[in-house]
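Report on the structure
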Amino acid sequence: MSNILDIRNLTIELETSAGVVKVLDKLSLQLAEGEIHTLVGESGSGKSLLAKAIMGFINPRWKITADRLWWRHYDLLALNPVQRRLVTGRDMAMIFQNPGSYLDPNTKVGEQLRETIPQSELKGIYLRRKATRTVRAERLLHRVGIKDTAKVMNSYPQQLSEGIAQKVSIAMAIAHNPKLLIADEPTTAMEPNTRNQIYRLLAKLSASQGMSILMITQDLTAIIPETQRMSLVYCGQLMETGPTEKLMSEPFHPYTDAMLKMSFFNQDVAPKTRLPTLTGAIPTLQHMPIGCRLGPRCPNARRACIHQPRLSKVKQHQFACHFPLIEIVHHD
Amino acid sequence: MTDLLEVRNLSKYYSFKNGWLRPTRVCALEPINFSVKRGETIAIMGETGSGKSTLAKLIAGAEVPTSGEIYLNGELLDPNNYQQRCREIRMIFQDSFGSLNPQLTIGKQLLEPLRFNTAWTPAERQEHVYVTLQKVGLLPDHFDFYPHMLSSGQQQRVCIARAIILEPQIIVADEAFASLDPSIRAQIINLILDLQEDMGISFIFASHSPEIVRHLADKILIMHRGKMIEFDSTQALLTNPKEQLTKILLQSEQLNKALKHTTTQE
Ligand SMILES: Nc1ncnc2c1ncn2[C@@H]1O[C@H](COP(=O)(O)OP(=O)(O)OP(=O)(O)O)[C@@H](O)[C@H]1O
Ligand SMILES: Nc1ncnc2c1ncn2[C@@H]1O[C@H](COP(=O)(O)OP(=O)(O)OP(=O)(O)O)[C@@H](O)[C@H]1O
Ligand code: SF4
Ligand SMILES: [Mg+2]
Ligand SMILES: [Mg+2]
């Protein structure tokens, strides 16, 4: 299976008042055409920054290095800003976390949505094109499950409820049939039923049009069922990646294991009892532990963990850990 | 026991300008009545756009109601006087970034309510901010951060810190758990339970998660198109829901998945 997106050892360094810090540390990720990949990690682990780096929405002061950052046959880091924007605009789309703050507050939703309909789909004279745009915009809203299209199109973003704003930004993202969709926590404001509707829509787009999707989430209980692969990141480092089922049923990495144990509410737990948590807090970037960044919070940590573990591959899992939760047969 | 909070005929209409037509009025919340006891936890559930945020904002005084009154400890709250209730009723907004001041460091934003509402020395205030940051899973280092330097989940935690820092009587939280990772979410749930046990805080929260609602709520209020369609104890709604919607909203898909997970692990 050829990878349409190929990221190898991507590192992002930010300059802060306390010096240069690595937000992403040698992160690798591959995505095949039409594949859905879920990226999971605690808050502050660098998921949104990775998404922005792929899209090219980056601050010029950030230092981005990688052994490979390829999209189809483009070496994204070698493109100049104009070419980069062209490729992103044509092939990719992103659903931002907190869509409310990314929609233009001074323009009505309908207007913003109409503008995302690609020129190439429109024919005829000005008035005809305008009418087509409106029809297309309405159809998009229907697809994401908005019934009262007239009211929504006539609203300003701040007049929409959070869930409707998320739906609108999903509609805008799929308007030009992107080849790659990055969805950063796209359904946090939706109740399970509505969320499943959106998941069905995205899965359909991926299957019928070969759209590759990178889903970003913290909630292991609510991942899209169609996701073939899953990656877990912690503090900008890749912990484990592999087929979703394998990771869920038999995690090799202590972090994957801890996330699974915490995510699923034990149904026997009586209401109002205290819940288990991973001890400690995610460190600030200025104070990253050396070696494996999970070290201070990891139940399995030992001396060797002050060296960053390399990615190993066992039974379709790839993981970075000196002491995984399996017996590894050493061949050397 | 007397009620801590009483809501009477509270409603909210928004008017829309629709081109040259007369403005149309949209009902976000039809007149609603309910009350909340001290230390009680109420969950607000409903589909997207059903009026959960509107209700939460009205209670916290972040929006002015079209009609109705709110009583705190039997005393009528003035809808236009935000200061009066901001000490006793604190809100955590759904859009956390939008509710933070981008120009101020996290520390300064947390010091502000303490300056206006306590008689503490600057050193005491500073110390209290550090302690509160720790409670929500942040670090003293975050004191000097600006909001844009934090991830969404971290911003959400700053908002939670701002809500609990004055130890109010009521905390109103609008989807405060949605952007938290499981570890921090558990930490915040534990924190709220502790606050309730220690100080009898009442907690009103909007949430989509049946698991969290079951775990925390004493009563559940179901909204549908701006109307309260059901309001009863969690136990009653779980065992004997009158509305189909209630059943759907409270249904946990997680149960099946969790079972699958634990069985395959063996
Ligand atoms: N402009 C910035 N300056 C300094 N630090 C930053 C900046 N932007 C982000 N960070 C830091 O980078 C880290 C990663 O942030 P990011 O937003 O990618 O996290 P995330 O994984 O998306 O978390 P969440 O799930 O909460 O959205 C955070 O610790 C954050 O504090
Ligand atoms: N400022 C406003 N102007 C006009 N209409 C508004 C405004 N704020 C909210 N509304 C409308 O009021 C209704 C209820 O919105 P509300 O935000 O309370 O929903 P919600 O239940 O919180 O939904 P969600 O789960 O998506 O956050 C929606 O139809 C919304 O469009
Ligand atoms: S390398 Fe060490 S610290 Fe890191 S996850 Fe493995 S055991 Fe834990
Ligand atoms: Mg993020
Ligand atoms: Mg809301």
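Small disclaimer: the values here were computed from a predicted structure and weren't measured. (Residues numbered from 1 in each chain as written. Chains lettered and ligands numbered in written order. Predicted model: local features only at pLDDT ≥ 70, side-chain atom pairs only at ≥ 80, totals over all residues. Heavy atoms only, no water.)

Observations regarding the coordination of the magnesium ion (ligand 5)
Coordination of the magnesium ion (ligand 5) by the protein comes from Ser53(B) (OG) and Gln94(B) (OE1), over a distance range of 1.8 to 2.3 Å. Of this pair, Ser53(B) sits in helix H1 (residues 52–60) while Gln94(B) sits in the loop between strand E6 (89–92) and helix H3 (106–117), placing them 41 residues apart in sequence. (Donors = N, O, S within 2.8 Å, 3.2 Å for Na, K, Ca; no water. Helix = DSSP H or I, 4+ residues; strand = E, 2+ residues; numbered from the N terminus.)

Considerations on the confidence of the model for chain A
Confidence in the prediction for chain A averages 89 pLDDT; 96% of positions are at 70 or higher. Across chain A, the element-wise mean pLDDT spans from 87 in helix H9 (residues 254–263) of chain A up to 97 in strand E8 (residues 180–184) of chain A. (pLDDT = per-residue confidence, 0-100.)

Digging into the confidence of the model for chain B
Residue and element names in this part refer to chain B. For chain B, the average pLDDT comes to 88, and 91% of its residues sit at 70 or higher. Across residues 258–266, where pLDDT falls below 50, the model places six contacts with residues more than four positions away in sequence or in other chains. Across the whole predicted complex the pTM is 0.89, and at the interface the ipTM reaches 0.84. (Contact = heavy atoms within 4.5 Å.)

So, unusual backbone geometry
Backbone geometry at Arg72(A) places phi at a positive 50°, although glycine is not the residue there. Among the structural elements, Arg72(A) can be located in the loop between strand E5 (68–71) and strand E6 (74–75). Its identity as a non-glycine residue notwithstanding, Glu167(B) has a phi of 45°, on the positive side. Checked against the element boundaries, Glu167(B) lands in the loop between helix H5 (152–164) and strand E7 (170–174).

Points about the UniProt feature "domain: ABC transporter" (unreviewed entry) in chain A
Here, the residues flagged by UniProt with the feature "domain: ABC transporter" (unreviewed entry) are residues 5–260 of chain A. Overall, residues 5–260 of chain A shows 37% helix and 27% strand. The separation of its end C-alpha atoms is 27 Å. (UniProt positions renumbered as here; feature names shortened; annotations may be inferred.)

Focus on helix H6 (residues 182–199) of chain B
All names here are of chain B. Between its terminal C-alpha atoms H6 stretches 25 Å, which fits the 26 Å expected from 18 residues at 1.5 Å a residue. Along H6, 14 of the 18 residues are buried, which leaves the element largely enclosed by surrounding structure. Phi turns positive one or two residues past the end of H6, at Gly 200, with a value near 65°. (Expected span 1.5 Å × (residues − 1). Buried < 20%, exposed > 50% of the residue type's maximum accessible area, 1.4 Å probe, protein only.)

Considerations on the coordination of the magnesium ion (ligand 4)
Distances from the magnesium ion (ligand 4) to its protein donors, namely Ser48(A) (OG) and Gln97(A) (OE1), fall within the range 1.9 to 2.2 Å. Note that Ser48(A) is positioned in helix H1 (residues 47–55) and Gln97(A) in the loop between strand E7 (92–95) and helix H3 (109–116), a separation of 49 residues in sequence.

Here we look at the domain arrangement of chain A
Residues and elements named next belong to chain A. Split into domains, chain A comes out as domain 1 (3–227) and domain 2 (254–331). If you average the C-alpha positions of domain 1 and of domain 2, the two centres end up 29 Å apart. In this assembly, 16 residues from domain 1 lie in contact with 12 residues from domain 2. Around 1,200 Å² of area is buried between domain 1 and domain 2 when both sides are counted, 59% of it from carbon and sulfur atoms. Where Arg 297 meets Glu 42, a salt bridge forms, and the shortest distance between an N and an O atom there is 3.5 Å. Along the contact surface separating domain 1 from domain 2 lie two residue pairs in polar contact (both at pLDDT 80 or more). When contributions to the side of domain 1 that touches domain 2 are tallied by element, the ones reaching two or more residues are strand E2 (19–32) and strand E3 (36–41). Broken down by element, the residue count for the side of domain 1 that touches domain 2 peaks at five residues, all from E2. (Domains from an automatic or database assignment. Buried area = accessible area lost by both parts, 1.4 Å probe. Salt bridge = Lys/Arg side-chain N within 4 Å of Asp/Glu carboxyl O. Polar contact = N/O pair within 3.5 Å; in protein donor to acceptor, adjacent residues only side chain to side chain.)

Considerations on the site of ligand 3
Around ligand 3, the surrounding shell holds 13 residues, and the nearest of these are Cys292(A), Cys298(A), Cys305(A), Cys321(A) and His322(A). Residues of the shell around ligand 3, tallied by class, amount to nine nonpolar, four polar and no charged. (Near = heavy atom within 4 Å. Nonpolar A, V, L, I, M, F, W, Y, C, P; charged D, E, K, R; others polar.)

Some points on the packing of aromatic side chains
Following the criterion strictly, the structure yields nine aromatic pairs over all chains and no others. Between Phe96(A) and Tyr102(A), the aromatic rings sit 3.9 Å apart at their centres with planes inclined by 10°, giving stacked as the arrangement. On the basis of relative accessible area, Phe96(A) is assigned to the buried category, the value being 18%. Aromatic rings pair up to connect Phe57(A), Phe96(A) and Tyr102(A) into one cluster. When the ring centre of Phe323(A) is taken as reference, the NZ or CZ atom of Arg302(A) above it lies at 3.8 Å. Its guanidinium or amino end placed over the ring of Phe116(B), Arg115(B) lies 5.3 Å from that ring's centre, counting from NZ or CZ. (Phe/Tyr/Trp six-rings, centres within 6.5 Å; stacked < 30°, edge-to-face > 60°. Lys NZ or Arg CZ within 6 Å of the ring centre and 35° of its normal.)

Observations concerning the sheet that holds strand E12 (residues 311–314) of chain A
Sheets are built from strands that pair by backbone hydrogen bonding, the pairs being arranged parallel or antiparallel. All names here are of chain A. Ordered in space as E7-E8-E9-E3-E10-E11-E13-E12, the eight strands form an open sheet in which the pairing is mixed. The open sheet has two edge strands, E7 and E12, and neither has a second partner. Within this sheet the neighbouring strands show an average axis-to-axis angle of 15°, counted without direction. Pairing of E12 with strand E13 (residues 317–320), which is carried by four bridges, proceeds in the antiparallel orientation. Within E13, the position partnered with Ser 312 by the bridge is Phe 319. (Pairing = 2+ DSSP bridges. Axes fitted to C-alpha atoms, helices over the stretch in contact; angles between N-to-C directions.)

As for the interface of chain A and chain B
Each side of the interface is counted separately: chain A has 55 residues, and chain B has 54 residues. Carbon and sulfur atoms make up 52% of the surface buried where chain A meets chain B, a total of about 4,500 Å² over both sides. Summed over the shared surface of chain A and chain B, the result is three salt bridges. With a shortest N-O distance of 3.1 Å, Lys272(A) and Asp218(B) are connected by a salt bridge. In this assembly, chain A and chain B are joined by 19 residue pairs in polar contact (both at pLDDT 80 or more). Going through the elements one at a time, helix H6 (162–174), helix H7 (192–209), helix H8 (244–249) and H9 of chain A are the ones with two or more residues in the side of chain A that touches chain B.

Focus: the sheet that holds E7(B)
Residues and elements named next belong to chain B. An order of E6-E7-E8-E3-E9-E10 is seen for the six strands of this open sheet, with the pairing classed as mixed. For this open sheet the edge positions go to E6 and strand E10 (227–233), each flanked by a neighbour on one side alone. When strand polarity is set aside, the average angle formed by the axes of neighbouring strands in this sheet is 15°. Bridging between strand E3 (residues 41–46) and strand E8 (residues 202–206) involves four bridges; their strand directions are parallel. Within E8, the residue paired with Thr 41 across the bridge is Phe 203.

A look at the side chain of Thr54(B)
Structurally, Thr54(B) is set in helix H1. Here Thr54(B) is in contact with Lys12(B), Tyr14(B), Ala28(B) and Leu29(B), once residues within four sequence places are set aside.

A look at the nonpolar core
Residues and elements named next belong to chain B. In terms of nonpolar packing, the biggest core is built from 50 residues, with Phe 177, Phe 205 and Ile 220 touching the most fellow members. Tallying contributions element by element places H6 first for this core, with eight residues. If near-sequence neighbours (up to four positions away) are discounted, Phe 205 is found in contact with Thr 41, Ile 42, Ala 43, Ile 44, Ala 173, Phe 177, Ile 212, Val 213, Leu 216 and Ala 217. (Core = buried A, V, L, I, M, F, W, Y, C linked by side-chain atoms within 4.5 Å.)

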